[in-house]
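Listed here are the chains, written in short residue letters.
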Amino acid sequence: MKKLILILLICVSGIANAQFSVYRTDNTLVPSGTIIGFSTTTYAQAAITLKITNTTTAPINVKLKCLSITNATGPNMETCFGPDCYIIAVNQILPTTGSGYVTINNGATDTSAKFHNNDQGAGVFPIDYVFKIYQADVFGSEIGTPFTFTYRFDPNLATIDNATPNLGVALKSTLVSESLEITTENRGDMKLYDLNGKLVFTSHLDSGNHVIDVSNLNSSLYLLTFVNEEGNVFSKKIVKK
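Small disclaimer: the values here were computed from a predicted structure and weren't measured.

Engineer: Got a minute to help me understand the sheet that holds strand 13 (residues 175–176) in this structure?
Structural biologist: Backbone-to-backbone hydrogen bonds pair the strands of a sheet. The strands run either parallel or antiparallel. Sheet architecture is open: 5 strands sit in the order 13-19-18-15-16, paired in mixed fashion. The sheet is open, and its two borders are formed by strand 13 and strand 16 (199–205), each paired with just one other strand. Note: strand 15 (residues 188–193) against strand 16, 6 bridges, orientation antiparallel. Residue pairing in the sheet places Asp189 in a bridge with His204 of strand 16.

Engineer: Can you walk me through the state of the cysteines in this structure?
Structural biologist: Note: disulfide means a covalent bond formed between the sulfur atoms of two cysteine side chains. Inspection of every chain in the model, using the stated rule, returns 1 disulfide. The side chain of Cys80 participates in a disulfide bridge whose partner is Cys85; the two sulfur atoms lie 1.9 Å from each other. As the torsion about the S-S bond is roughly 100°, the Cys80-Cys85 disulfide counts as right-handed. Residue Cys85 is classed as partly exposed on the basis of its relative accessible area, which comes to 46%.

Engineer: Would you mind showing me how to read the side chain of Thr79 here?
Structural biologist: With respect to the helices and strands, the residue Thr79 is situated in strand 5 (residues 77–81). Aside from chain neighbours lying at most four places away, what touches Thr79 is Leu64, Asp84, Cys85, Tyr86, Ile88, Leu94, Lys114, Phe115 and Phe131.

Engineer: Is there a simple way to explain the nonpolar core in this structure?
Structural biologist: In a soluble, globular protein the nonpolar side chains are often hidden away together inside. Membership of the largest hydrophobic core comes to 31 residues, with the highest contact counts inside it found for Leu50, Phe115, Phe131 and Tyr151. Top contributing element to this core by residue count: strand 4 (residues 60–70), with 5 residues. Judged by nonpolar contacts, the second largest core, of 15 residues, contains Val176, Ile212, Leu224 and Phe234.

Definitions and cut-offs
Counting of residues starts from 1 at the beginning of each chain's written sequence and follows it residue by residue. Reporting in this predicted model follows two pLDDT cut-offs: at least 70 for local features of residues, and 80 or more for side-chain atom pairs to be given and counted; totals over whole chains, interfaces and linings ignore these cut-offs and use all residues. Excluding hydrogens and water, the side-chain values take into account all heavy atoms of the structure. Any two strands between which DSSP finds at least two bridges are classified as paired. A run of H or I in DSSP counts as a helix once it spans at least four residues, and a run of E counts as a strand once it spans at least two, with each numbered from the N terminus. Only a pair of cysteine sulfur atoms within 2.5 Å counts as a disulfide in this structure description. Partly exposed describes any residue whose relative accessible area lies between the buried limit of under 20% and the exposed limit of over 50%, with all areas from a 1.4 Å probe on protein chains only and scaled to the type maximum. Two residues form a contact once any of their heavy atoms are found within 4.5 Å. What is meant by a nonpolar core is a set of buried Ala, Val, Leu, Ile, Met, Phe, Trp, Tyr and Cys residues, joined one to another through side-chain atoms within 4.5 Å.

This is the structure:
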């Protein structure tokens, strides 16, 4: 019996020290606490997939929980995690079938976490769904440091376009720390919005290479837009470390 208890304690300790990171499909890191916002319910623009990567040398078990829903009830929020897709509700824990958790082997990545809101609301915004991804021990209890994020729908948000044309605009990287490096072939106006739709930076850019100081911005996800003199719009999501 003592040997069995010791083995269980070793297993629990090993899992408790395990960690994971969450990324978008374009491999940009998503910090815990991030608000991911959409101004549309159209599937192509409003669906999101999160990649969960096990950053340790041991397998981990993860679950998903809906912490809260604001200005909606949940039936029109499709959520996938593990083998199935569900209509979400507050306090619901996924997956509900199979082992009751998603196992991610050491160094591997799971891409089953998918979300899409189809609820256009009743005129009160934003519509928020707060989710938590967390590790579970051999008894199914939460351990370690969880990851939380908010899926937000608000028609007043700046549009996030995942299929934007290039328009002669190039970013050195979408993951930035102190500065954002951008090259433009034409003149135009560059703006940065946070995920609440608030304008946090604006500048008129001539053609050429530019280095934009973003050291004063909080670590989060932002939407960059560039509108050239012909009115064409380039948009791209960037992550400020």
